[in-house]
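Secondary and tertiary structure notes
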Amino acid sequence: MSGYNHLFIPGPTNIPEQVRQAMNLPMEDMRSPQYPELTLPLFADVKKVFKNRNGRVFIYPSSGTGAWEAAMTNVLSPGDRVLMSRFGQFSHLWVDMAERLGFEVDCLDMEWGTGVPVELYAERLAADKAHEIKAVFVTHNETATGVTSDVAAVRAALDACGHPALLFVDGVSSIGSIDFRQDEWGVDCAVSGSQKGFMLPAGLGFLSVSEKALEAAKTARHMRCYFSFDDMIKTNDTGYFPYTPPTQLLRGLRASLDLMFAEGLENIFARHHHLANGVRAAVSAWGLKLCATEPKWHSDTVSAIRLPEGVDGAEVIRHAYRTYNTSLGSGLSKVAGKVFRIGHLGSLNEVMVLGALGAAELTLLDCGVKIEPGSGVGSAIKQFRSAATASTAKA
Ligand code: PLP
């Protein structure tokens with residue numbers, strides 16, 4: 001295959017050259033007296049991305065799944081009742097983990113393409129006068145279906161009935177790309193991973209916790225070892241880890257945070273929204289539908305696009321890869337074969353999005369989908385141009 005691979009899966013995402021270069025260094029001594037000069041500012045700066053002022057952040061050598069487990073095992077006790085919802089493969093896996101770890105899971109099964117059912121959460125919480133529900137879970141961005149849920153509304157539902165449950169948020173494919181405000185939304189455990197908005201390889205699991213979660217961890221009785229907050233706090237406070245940290249990834253993290261702060265978080269969110277609008281304009285011009293059933297669920301980091309009956313999504317993905325050296329995201333689980341996904345997050349600009357749309361358009365045509373050649377790319381260009389014209393007019 002000629003040319004380079006065009007990576008448009010929703011994580012791992014493209015790694016900026018500065019970040020790749022920052023990871024190209026010899027092994028270093030993670031117990032050296034200088035090491036805290038790297039790590040202590042990292043802990044402080046990752047907290048800024050989560051907008052967590054008073055709590056703390058744990059950086060685990062794991063993927064996001066490890067940070068899920070760290071959150072639950074440190075803060076909860078076996079048999080605790082938790083309120084969760086399932087509407088895609090990642091919210092499903094979180095429910096599955098909670099069940100396997102021995103929690104009493106109240107799971108609300110929703111249509112795939114919708115998100116967290118805030119009204120139903122509000123009803124369950126208001127009815128729980130004895131406060132048996134210890135934690136409420138939100139998958140902020142369901143990567144399998146391209147659905148973003150309203151975390152602030154879940155916080156409001158908790159507050160409306162004065163419910164003390166902890167709020168857990170999976171922000172693996174949102175934090176660092178879509179607006180997220182841990183303090184303001186009263187999120188107690190926020191989980192993310194390095195390979196999406198943070199523009200790094202997989203291998204770092206981020207868990208940002210509130211003071212309330214730290215307090216809960218003091219009496220929580222779930223078994224934990226590798227992910228223990230206590231072990232981490234003892235060593236992290238002086239800039240070290242209870243085990244060998246992935247030193248190159250931490251150097252990469254320094255570089256990616258520098259890039260994120262140079263651009264500005266709010267500008268990053270605006271860029272993701274702008275690029276996602278281009279993708280959505282293309283999907284609409286193709287006459288196809290998103291998996292997200294309503295605009296309020298639209299995700300700015302990933303679009304899952306429904307294929308017409310009779311078109312095999314697995315073949316679409318294979319064809320894009322083999323013929324155009326382009327990686328698109330496949331449909332997972334319930335929507336396997338029925339959708340394909342375009343990841344539009346991380347280090348990305350308009351031209352890259354047009355590349356993804358061009359590859360998707362060629363592939364769809366090759367696979368027999370009746371779309372007008374150029375319609376998607378053309379609509380995305382018009383969308384980008386109209387946004388540019390509007391902002392020039394404002395200035
Ligand atoms: N949660 C969401 C929303 C995800 O998109 C993913 C991975 O894509 C995960 C959790 C699992 O994260 P990881 O693969 O880093 O363990």
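All chains use their own residue numbering, which begins from 1 and follows the written sequence. Per-residue local features of the predicted model are confined to residues with pLDDT of at least 70, and side-chain atom pairs are confined, for both listing and counting, to 80 or more; whole-chain, interface and lining totals are unaffected and use all residues.

**A few points about the overall build of the chain**
Going along the chain from the N terminus, every DSSP run of H or I of four or more residues is numbered as a helix, and every run of E of two or more is numbered as a strand. Assigned secondary structure in the chain consists of 13 helices and 14 strands. The globule rule used for comparison is 2.2 Å times the number of residues to the exponent 0.38, while the radius of gyration itself is calculated over C-alpha atoms. A compact globule built from 395 residues would reach a C-alpha radius of gyration of about 21 Å, and the chain, at 21 Å, matches this within 12%. Expressed along its principal axes, the backbone C-alpha trace of the chain runs to roughly 60 × 55 × 45 Å. Here the chain holds 395 residues, and 48% of them are scored as buried. Residues are defined as contacting one another if the C-beta atoms placed from their backbone atoms lie within 7 Å. Taking all contacts inside the chain whose residues are at least 6 apart in sequence as the whole, residues at least 24 apart take part in 74%. Put plainly, a residue is buried at 20 or more neighbouring C-beta atoms within 10 Å of its own, exposed at 12 or fewer, and partly exposed in between, counting only other residues' C-beta atoms, which are placed from the backbone.

**Concerning helix H11 (residues 313-324)**
Take the residue count of a helix, subtract one, and multiply by 1.5 Å to get its expected span. Taking 1.5 Å of rise per residue, twelve residues should cover 16 Å, and H11 covers 16 Å from first to last C-alpha, within 8% of that figure. Looking only at H11, the buried set comprises Gly313, Val316, Ile317, Ala320 and Tyr324. Along the long axis of H11, the arc covered by the buried residues comes to 95°, so they all point the same way. Turned more than 90 degrees from where H11 packs its buried face, Ala314 and Arg322 sit exposed. Asparagine 325 sits one or two residues past H11 and shows a positive phi near 50°. Directions from the helix axis toward the C-beta atoms define the arc.

**Considering helix H2 (residues 35-50)**
Here H2 contains 16 residues, and its C-alpha end-to-end distance of 23 Å stays within 8% of the 22 Å for a straight helix at 1.5 Å per residue. What H2 keeps buried is the set Thr39, Val46, Val49 and Phe50. Those residues of H2 that are buried lie in contact with strand S2 (56-60), strand S9 (189-193), strand S10 (205-209), helix H9 (247-263) and helix H10 (265-286). Just downstream of H2, lysine 51 is the residue with a positive phi angle, here 60°.

**Observations concerning the sheet that holds strand S1 (residues 6-8)**
The pairing of strands in a sheet comes from backbone hydrogen bonds and takes either a parallel or an antiparallel form. With mixed pairing, five strands are arranged side by side in an open sheet as S1-S13-S14-S12-S11. Single-partner strands in this sheet number two, and they are S1 and strand S11 (289-290). For strand S12 (residues 302-306) and strand S14 (residues 339-343), the ladder comprises five bridges, and the chain directions are antiparallel. Bridge assignment links serine 303 to a residue of S14, and that residue is isoleucine 342. Packing of helix H12 (residues 350-366) onto the sheet brings it into contact with S1, strand S13 (326-330) and S14, and relative to S1 it is tilted by some 95°. Here the rule is simple: two strands pair whenever DSSP picks up at least two bridges between them. Helix axes use the C-alpha atoms of the stretch in contact, all axes being lines fitted to C-alpha atoms, and the angles between their N-to-C directions lie in the range 0 to 180 degrees.

**Regarding the site of the ligand**
Here is the check we use: build the C-beta atom from the backbone, and if it is within 6 Å of the molecule or strand, call the residue near. In the vicinity of the ligand lie 13 residues, with Ser63, Gly64, Thr65, Thr143 and Val172 positioned nearest. Split by residue class, the shell around the ligand holds three nonpolar, nine polar and one charged. Each residue is assigned to one of three groups, with Ala, Val, Leu, Ile, Met, Phe, Trp, Tyr, Cys and Pro labelled nonpolar, Asp, Glu, Lys and Arg labelled charged, and all others, Gly among them, labelled polar.

**Side note on the sheet that holds S10**
Strand order across the open sheet formed by seven strands is S2-S10-S9-S8-S5-S3-S4, with mixed pairing between neighbours. Edge positions in the sheet fall to S2 and strand S4 (104-109), since each has one partner strand and no second. Looking at each pair of strands side by side, their axes are set apart by 20° on average, direction ignored. Judged from the three bridges that link them, strand S8 (residues 166-170) and S9 form a sheet pairing that is parallel. From the neighbouring strand, phenylalanine 168 faces S9, where its bridge partner is cysteine 189. The sheet strands contacting helix H4 (residues 89-100) are strand S3 (81-86), S4, strand S5 (133-139) and S8, and the helix crosses S3 at an angle near 155°.

**A look at the domain arrangement of the chain**
Examined at the domain level, the chain breaks down into domain 1 (6-12 + 264-394) and domain 2 (17-262). Secondary-structure elements contributing two or more residues to the side of domain 1 that touches domain 2 are H10 and S12. The element best represented in the side of domain 1 that touches domain 2 is H10, accounting for four residues. Its residues assigned to classes, the side of domain 1 that touches domain 2 comprises 14 nonpolar, ten polar and three charged. Domain delimitation follows an automatic or database domain assignment.

**Brief notes about the environment of valine 46**
In this fold, valine 46 is placed in helix H2. Considered as a pair, valine 46 and leucine 253 are 207 residues apart in the sequence and their alpha carbons are 9.0 Å apart. Leave out the neighbours within four places in its chain, and valine 46 touches Val57, Ile59 and Phe206.

**A look at the packing of H10 against helix H13 (residues 375-394)**
Helix packing for two helices is described by the angle between their axes and how far apart those axes are. Where H10 contacts H13, the axes come no closer than 7 Å and their chain directions differ by 140°. In terms of orientation, H10 and H13 fall into the oblique class. Between H10 and H13 lies a crossing whose hand is right-handed. Residue-level inspection shows His274, Asn277, Gly278, Val279, Ala281, Ala282, Ser284, Ala285 and Trp286 of H10 in contact with H13, the latter providing Ser375, Gly376, Val377, Ser379, Ala380, Gln383, Phe384 and Ala387. Partitioning the contact of H10 with H13 into residue classes produces nine nonpolar, eight polar and no charged. Oblique is the label for any angle not covered by the other classes, which are roughly parallel (under 35 degrees), roughly antiparallel (over 145) and roughly perpendicular (65 to 115). Crossing handedness is defined as follows: a turn of the near helix away from the far one that is anticlockwise and smaller than a right angle gives a left-handed crossing, while the clockwise case is right-handed.

**Observations concerning the nonpolar core**
In a soluble, globular protein the nonpolar side chains are often hidden away together inside. Core membership is restricted to buried Ala, Val, Leu, Ile, Met, Phe, Trp, Tyr and Cys residues, and these are joined into a nonpolar core through C-beta atoms within 7 Å. Counting residues in hydrophobic clusters, the biggest one holds 113 residues, and the most contacted among them are Ala71, Val136, Cys189, Val191 and Leu207. At nine residues, H10 tops the list of elements feeding residues into this core. Residue contributions to this core reach at least three from each of two domains, namely domain 1 (6-12 + 264-394) and domain 2 (17-262). Residues in contact with alanine 71, not counting those within four places in the same chain, are Phe168, Cys189, Val191 and Leu207.

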